[in-house]
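Inside the fold
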Amino acid sequence: MNKSKFMTYFLSLAAAILLLFALLHIGDIKNGFMAFFAALEPLWVGIAFAYLLVPVAAFFERQLNKIKRISRYARPVSVLITSLAVVAFFALLCAVLLPQLITSVSDLAVKLPGMLEKQLSRLQLFLASNNQFASTATNLVESAENMLMTWIKTNLLATISNIATSLMSVGSAIVNLILALIITIYQLLDRERYMNQCRKLFHTVSKNERINDAVYDTMRQANKMFGGFISGKLIDSLIVGIICFVFMLILRLDYPLIISVIVGVTNIIPMFGPFIGAIPSAFLLLLVDPKQCLIFVIFVLVLQQVDGNIIGPRILGDSTGLSSLYVTIAILL
């Protein structure tokens, strides 16, 4: 047996043994990969932040390059301005929204038992006047009560334990966020070098220039479409949240701020976002007054039609060229 055949047999046997070992320890390998990616969570968050902030930093850098005295330091100064602008924006947002949100949530927590009692009283009066419907509704209520008691007995302690664990992990989350911000700054400062390193790594795998050019062109188009969608959707959701807040004030509906925040944030999600935000908001108003709930549902349906046919297309235009399904898949990826 010559040397080349021996090496072929040896490598084939080694690959088979490695494959068998991987199949026998697939759970441990999976846990290892999950721990590895979890440890690098600040890196993934930092990359996402940097991707979103690159256009902002590039804009400031272009403006600073026009000033000869500081053009030499345009890159670090632009990154500093971008970082301060982001921190100031979130600080202002928290200063304006957080106190009102806390007040709304506290008020809701105080009034919620009374709301539930009021609606239950209305339900009892309705059932008393409709005997045929009463038996069916009573069975449904009893079934719901049994399910709730079963959940309390079997899952409540586990849920409380999970909440306690989540509260204990807040410190770790803060540390990861700080690390992510530091990584973001590093990437904004040396973004060209990191991109060149990625290109070199890709060229070590693929030597075909036609394939490389096709991949680069696809990535440029994807970046243009996805970046246009993200920025446009954020602006669109902000406008929808403001419109919802203003009209709820005009219509004198309860909890306008907290509901507008929910509607605006969930509007970022394609297709299903408006419904995800509208359902809990409508339920909250239903506890207050069914008439308010009906007015809100009609208003949200009109608002989503206006957003889908006027506001959204005006802002997004043809920046993505993708259907809602493909955008949803892209966000999941």
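Residues numbered from 1 in each chain as written. Predicted model: local features only at pLDDT ≥ 70, side-chain atom pairs only at ≥ 80, totals over all residues. Heavy atoms only, no water.

The next subject is helix α8 (residues 209-250). With 42 residues, α8 extends 61 Å from end C-alpha to end C-alpha; this agrees with the ideal 62 Å at 1.5 Å per step. Remark: Arg 252 follows α8 within two positions and exhibits a positive phi of approximately 60 degrees. (Helix = DSSP H or I, 4+ residues; strand = E, 2+ residues; numbered from the N terminus. Expected span 1.5 Å × (residues − 1).)

Here a ring pair, both rings aromatic, is described through the centre-centre distance and the interplanar angle of the planes. Following the criterion strictly, the structure yields five aromatic pairs and no others. Each ring, one from Phe 202 and one from Tyr 216, has its centre 5.9 Å from the other, and the planes form 55 degrees; the classification is tilted. Of this pair, Phe 202 sits in helix α7 (residues 191-205) while Tyr 216 sits in helix α8; the two residues are 14 residues apart in sequence, bridging distant segments of the chain. With a relative accessible area of 26%, Phe 202 lands in the partly exposed category. An angle of 25 degrees between the planes, with centres 5.6 Å apart, marks the rings of Phe 247 and Phe 299 as stacked. (Phe/Tyr/Trp six-rings, centres within 6.5 Å; stacked < 30°, edge-to-face > 60°. Buried < 20%, exposed > 50% of the residue type's maximum accessible area, 1.4 Å probe, protein only.)

With that out of the way, let us pick up the packing of helix α2 (residues 26-39) against helix α3 (residues 41-65). The relative placement of two packed helices comes down to the angle between their axes together with the axis-to-axis distance. Here α2 crosses α3 at 50 degrees, and the two axes come no closer than 4 Å. As judged from the angle between their axes, α2 and α3 are oblique. Touching Phe 37, Ala 38 and Ala 39 of α2 are Glu 41, Pro 42 and Trp 44, all from α3. Its residues placed into classes, the contact of α2 with α3 shows five nonpolar, no polar and one charged. (Axes fitted to C-alpha atoms, helices over the stretch in contact; angles between N-to-C directions. Parallel < 35°, antiparallel > 145°, perpendicular 65-115°, else oblique. Contact = heavy atoms within 4.5 Å. Nonpolar A, V, L, I, M, F, W, Y, C, P; charged D, E, K, R; others polar.)

Now for the pattern of salt bridges. Think of it this way: side chains of opposite charge can pair up when their charged atoms draw near. Here the structure, examined in full by the defined rule, presents five salt bridges. With a shortest N-O distance of 2.9 Å, Arg 75 and Glu 61 are connected by a salt bridge. With Arg 75 in helix α4 (residues 74-129) and Glu 61 in helix α3, the pair connects residues that are 14 residues apart, well separated along the chain. In this structure, Arg 75 and Glu 61 share a single accessibility class: buried. (Salt bridge = Lys/Arg side-chain N within 4 Å of Asp/Glu carboxyl O.)

Cys 244, Met 248, Tyr 255, Ile 259, Val 263, Leu 285 and Phe 296 are the most contacted members of the largest nonpolar core, which totals 18 residues. Counting residues per element, the ones that place at least two in this core are α8, α9 (256-266), α10 (273-288) and α11 (290-316). Not counting residues within four places of it along the chain, the set of residues in contact with Leu 285 comprises Met 248, Asp 254, Ile 259, Pro 290, Gln 292, Cys 293 and Phe 296. Core analysis: the next-biggest nonpolar cluster, separate from the first, contains five residues, Ala 50, Leu 53, Ala 57 and Val 79 among them. (Core = buried A, V, L, I, M, F, W, Y, C linked by side-chain atoms within 4.5 Å.)

Of note, Arg 252 is a non-glycine position whose phi angle comes to about 60 degrees, a positive value. Looking at the element boundaries, Arg 252 is found in the loop between α8 and α9. The class for Arg 252 is exposed, based on a relative accessible area of 72%.

Looking at the element boundaries, Arg 191 is found in helix α7. For Arg 191, a relative accessible area of 14% puts it in the buried group. Looking at Arg 191, its side chain comes within polar contact range of the main-chain oxygen of Leu 188, at 2.7 Å. Ignoring anything within four residues of it in the chain, the contact list for Arg 191 reads Val 54, Ala 57, Ala 58, Glu 61 and Arg 75. (Polar contact = N/O pair within 3.5 Å; in protein donor to acceptor, adjacent residues only side chain to side chain.)

On the surface, Leu 238, Ile 242, Val 246, Phe 247, Ile 250, Leu 251 and Ile 295 cluster together into a nonpolar patch covering about 630 Å² of accessible area. With five residues, the top contributor of residues to the nonpolar patch is α8. Note on placement: Leu 251 falls in the loop between α8 and α9. By relative accessible area, Leu 251 is classed as partly exposed at 39%. (Patch = residues over 30% accessible without salt bridge, like charges linked within 9 Å, V, L, I, M, F, W, Y side chains within 5 Å. Areas by Shrake-Rupley, 256 points an atom, 1.4 Å probe, with all protein chains shown as cover.)

Overall, the prediction assigns the protein a mean pLDDT of 77, with 72% of residues at 70 or greater. Taking the mean pLDDT of every element in the protein, the minimum, 60, falls on helix α5 (residues 131-168) and the maximum, 86, on α3. (pLDDT = per-residue confidence, 0-100.)

Looking at where Lys 233 falls in the secondary structure, it is placed in helix α8. Accessibility expressed as a relative area gives 13% for Lys 233, which makes it buried.

Tracing the chain through its elements places Gly 312 in helix α11. Distance from Gly 312 to Ile 235, taken between C-alpha atoms, is 9.3 Å for residues 77 residues apart in sequence.

Our focus in this paragraph is the environment of Phe 229. Of note, Phe 229 is situated in helix α8. Of the residues examined, Phe 229 reaches a relative accessible area of 6% and is grouped as buried. For Phe 229 and Ile 315, which are 86 residues apart along the polypeptide, the C-alpha to C-alpha distance reads 9.4 Å.

This part takes up the environment of Leu 188. Here Leu 188 shows up in helix α6 (residues 170-189). The class of Leu 188 is buried, set by a relative accessible area of 1%. Distance from Leu 188 to Ala 50, taken between C-alpha atoms, is 6.2 Å for residues 138 residues apart in sequence. With residues up to four places along the chain from it excluded, the contact list for Leu 188 reads Ala 50, Leu 53, Val 54, Ala 57, Arg 75 and Val 79.

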